[in-house]
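# Structural overview for review
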Amino acid sequence: MPNAPLPTLDLLGIGNAIVDVQARAEDAFLTAHGMPKGGMALIDAATAEAIYAAMGPGVESSGGSAGNTCAVAAALGARVGYLGKVADDGLGKVFAHDIRAAGVRFPTAPLTGGAPTARCLILVSPDGQRTMNTFLGACVTFGPDDVDEAEVASAAITYLEGYLFDPPAAQEAFRKAARAAHAAGRKIALTLSDAFCVGRHRAAFREFVKAETDILFANEAELLSLYETEDFDAAIAMLRQEVALAAVTRSEKGSVVIAGAERWDVAAVPTTVVDTTGAGDAYAAGFLAGLAHGKALPECGRWGSVAAAEAISHFGARPQADLKALVG
């Protein structure tokens, strides 16, 4: 679109607005509560109360996958907005304050008189693996009416969180956001979020990736789940045919950036793993902030690696170091 006005935001995230409650837990605790280690399970309010009562002392902070990405991208100097639903309650106020304090525009009106603000109970094992139990609460009310088409049109890239495929109204919200973005000559980025989530909605994900997604973020397990293969190179070959740009993270093996026929292998940045919560969120943020700064794709991948390394070097998903200094 030659006459499209210049974007006023580099990035607009849309996702589940969740307050994270993180605590350390032994593997035996996970086994006793029937939790698959490293996964994300959706739970109801009663289960959330029971787990919260049983887990050790927790650290509360604003989270949610896309919310984390927005906070990290803002720390790297990108102009960022976020759409997500919280309730008009204590945790909702915590979320709104935290994300705005991170420099992110957050215009979504809170839910009144309904479900409480979502929370994710995150248990971090001694090896740094995180196991998540998510009560979606007010998140499930996020629907097409919450997608402000003017906000979407104002952003160079709208970034959608795969976890939001769980609430049914949100899939329609995604399609509305994609239509608004593409009508304004903007791009849609999607993160697959979780291999189990991909498994629950594979057909919908495949369709959305192929029809609407310009930039895809995934880790190796999510990508293999999407294309139902154990062969990484086969999955990459399928991915190439469906999206113009993709970045696939492979833990300590770094990441692979794919654009058309080109491929770049990007090294991981060495760090001490304290807590893997938010690693993928931070990688996507670094990559997208690099794009916003006009960096070449391999350099965007390096920014992603730097941000991910910072995220896993401490408890919690939001940045604690000066990321601008770290990316150099």
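The coordinates are above.
Parameters and conventions
- Residues numbered from 1 in each chain as written.
- Predicted model: local features only at pLDDT ≥ 70, side-chain atom pairs only at ≥ 80, totals over all residues.
- Heavy atoms only, no water.
- Helix = DSSP H or I, 4+ residues; strand = E, 2+ residues; numbered from the N terminus.
- Rg over C-alpha atoms; globule rule 2.2 N^0.38 Å.
- Buried < 20%, exposed > 50% of the residue type's maximum accessible area, 1.4 Å probe, protein only.
- Contact = heavy atoms within 4.5 Å.
- Areas by Shrake-Rupley, 256 points an atom, 1.4 Å probe, with all protein chains shown as cover.
- Phe/Tyr/Trp six-rings, centres within 6.5 Å; stacked < 30°, edge-to-face > 60°.
- Lys NZ or Arg CZ within 6 Å of the ring centre and 35° of its normal.
- Pairing = 2+ DSSP bridges.
- Axes fitted to C-alpha atoms, helices over the stretch in contact; angles between N-to-C directions.
- 1 Å grid on protein atoms, 1.4 Å probe; cavity = no way out; pocket = protein on both sides within 12 Å on 5 of 7 lines; lining within 4 Å.
- Points joined across faces, edges and corners; volume = space filled by probe spheres on them.
- Nonpolar A, V, L, I, M, F, W, Y, C, P; charged D, E, K, R; others polar.
- Arc of directions from axis to C-beta.
- Polar contact = N/O pair within 3.5 Å; in protein donor to acceptor, adjacent residues only side chain to side chain.
- Core = buried A, V, L, I, M, F, W, Y, C linked by side-chain atoms within 4.5 Å.
- Salt bridge = Lys/Arg side-chain N within 4 Å of Asp/Glu carboxyl O.
- Disulfide = S-S within 2.5 Å.
- Parallel < 35°, antiparallel > 145°, perpendicular 65-115°, else oblique.
- Left-handed = near helix turned anticlockwise from the far one by under 90°.

### Regarding the overall build of the protein chain
Scanning the protein chain from N- to C-terminus turns up 13 helices and 14 strands. The C-alpha atoms of the protein chain give 18 Å as radius of gyration, which agrees with the globular expectation for 328 residues (20 Å, within 12%). Along the first, second and third principal axes, the C-alpha atoms of the protein chain reach 55 × 45 × 40 Å. Taken over 328 residues, the protein chain has a buried fraction of 57%. For the protein chain, long-range pairs separated by at least 24 residues make up 74% of all intrachain contacts whose partners lie at least 6 apart in sequence. Carbon and sulfur atoms provide 55% of the accessible area of the protein chain, an area that totals close to 12,800 Å².

### Some details on the packing of aromatic side chains
For the coordinates displayed, the defined rule picks out 10 aromatic pairs. With a centroid separation of 6.1 Å and 65° between ring planes, the pair formed by Tyr159 and Phe217 is classed as edge-to-face. Here Tyr159 is found in strand β9 (residues 155-161), whereas its partner Phe217 is found in strand β11 (residues 215-219), with 58 residues between them in sequence. Look at Tyr159 and you get buried, because its relative accessible area is 1%. Through a chain of ring-to-ring contacts, three or more aromatic side chains come together here, namely Tyr159, Phe217, Tyr283 and Phe287. Above the ring of Phe232, the side-chain terminus of Arg250 is found at 3.6 Å from the ring centroid.

### A look at the side chain of Ser305
Looking at where Ser305 falls in the secondary structure, it is placed in helix α12 (residues 297-312). According to the relative accessible area criterion, Ser305 is buried, its value standing at 6%. The residues touching Ser305, leaving out its near neighbours within four places in the chain, are Ser255, Val266, Ala267, Ala268, Val269 and Tyr283.

### Structural notes on the sheet that holds strand β8 (residues 130-135)
With mixed pairing, five strands are arranged side by side in an open sheet as β3-β8-β7-β2-β4. In the strand order of this sheet, the two ends are held by β3 (40-42) and β4 (59-62), each with one partner. Neighbour to neighbour, the strand axes of the sheet diverge by 20° on average, direction disregarded. Inspection of the sheet shows strand β2 (residues 18-24) paired to β4 by four bridges, in the antiparallel sense.

### A closer look at the layout of surface pockets
By volume, the second largest pocket is sized at about 160 Å³. Looking at the second largest pocket, the residues that line it are Ala156, Ile157, Gly185, Arg186, Lys187, Asp214, Ile215, Ala244, Leu245 and Leu291. Split by residue class, the lining of the second largest pocket holds six nonpolar, one polar and three charged.

### Details of helix α10 (residues 232-242)
Considered for burial, the residues of α10 that qualify are Phe232, Ala235, Ile236, Leu239 and Glu242. Around the axis of α10, the buried residues are gathered within 120° of arc, so they sit on the same side. In this fold, the buried residues of α10 make contact with α8 (202-212), β11, α9 (220-226), β12 (245-249), β13 (255-259) and β14 (262-266). With a side-chain oxygen positioned 3.0 Å from the backbone nitrogen of Asp233, the residue opening α10 is Asp231.

### With respect to the nonpolar core
Ranked by internal contacts, the top residues of the largest apolar core, which has 52 residues, are Leu190, Leu223 and Leu239. Per-element tally for this core: the top contributor is helix α6 (residues 168-183), with seven residues. Sequence-distant contacts of Leu190, that is, excluding residues within four places in its chain, are made with Leu160, Gly162, Phe165, Phe174, Phe205, Phe208, Val209, Thr213, Ile215, Leu216 and Phe217. Cys70, Ile157, Cys300 and Val306 belong to the second-largest nonpolar core, a separate cluster that totals 45 residues.

### A closer look at the pattern of salt bridges
What the rule picks out here adds up to 15 salt bridges. As a salt-bridge pair, Asp166 and Arg200 come within 2.9 Å of each other at their nearest N and O atoms. Within this pair, whereas Asp166 is found in the loop between β9 and α6, its partner Arg200 is found in helix α7 (residues 195-200), the two being separated by 34 residues in sequence. Asp166 sits in the buried class, given a relative accessible area of 14%. Exposure remark for Arg200: the relative accessible area of 38% places this residue in the partly exposed category. Put simply, Asp27, Lys37 and Asp127 are held in one network by salt bridges that share partners.

### Considering the side chain of Asn68
Inspection of the secondary structure assignment puts Asn68 in helix α3 (residues 65-75). On the basis of relative accessible area, Asn68 is assigned to the buried category, the value being 3%. Here Asp281 takes part through its side chain, which lies 3.0 Å from a polar atom of the side chain of Asn68. Contacts of Asn68, omitting those with residues within four sequence positions, involve Asp20, Ser62, Gly63, Asp281, Ala317 and Arg318.

### Some details on the state of the cysteines
Tallying each qualifying case throughout the model produces zero disulfides. Note on Cys120: no disulfide assigned, nearest cysteine sulfur contributed by Cys139 at a separation of 10 Å.

### A word on the packing of α3 against helix α11 (residues 279-292)
Running from N to C, α3 and α11 point in directions that differ by 45°, and their axes come no closer than 8 Å. Relative to α11, the element α3 lies oblique. Our pair here, α3 against α11, has a crossing hand that is right-handed. Between α3 and α11, the contacting residues are Ser65, Asn68, Thr69, Val72 and Ala73 on the first element and Asp281, Ala282, Ala284, Ala285 and Ala289 on the second.

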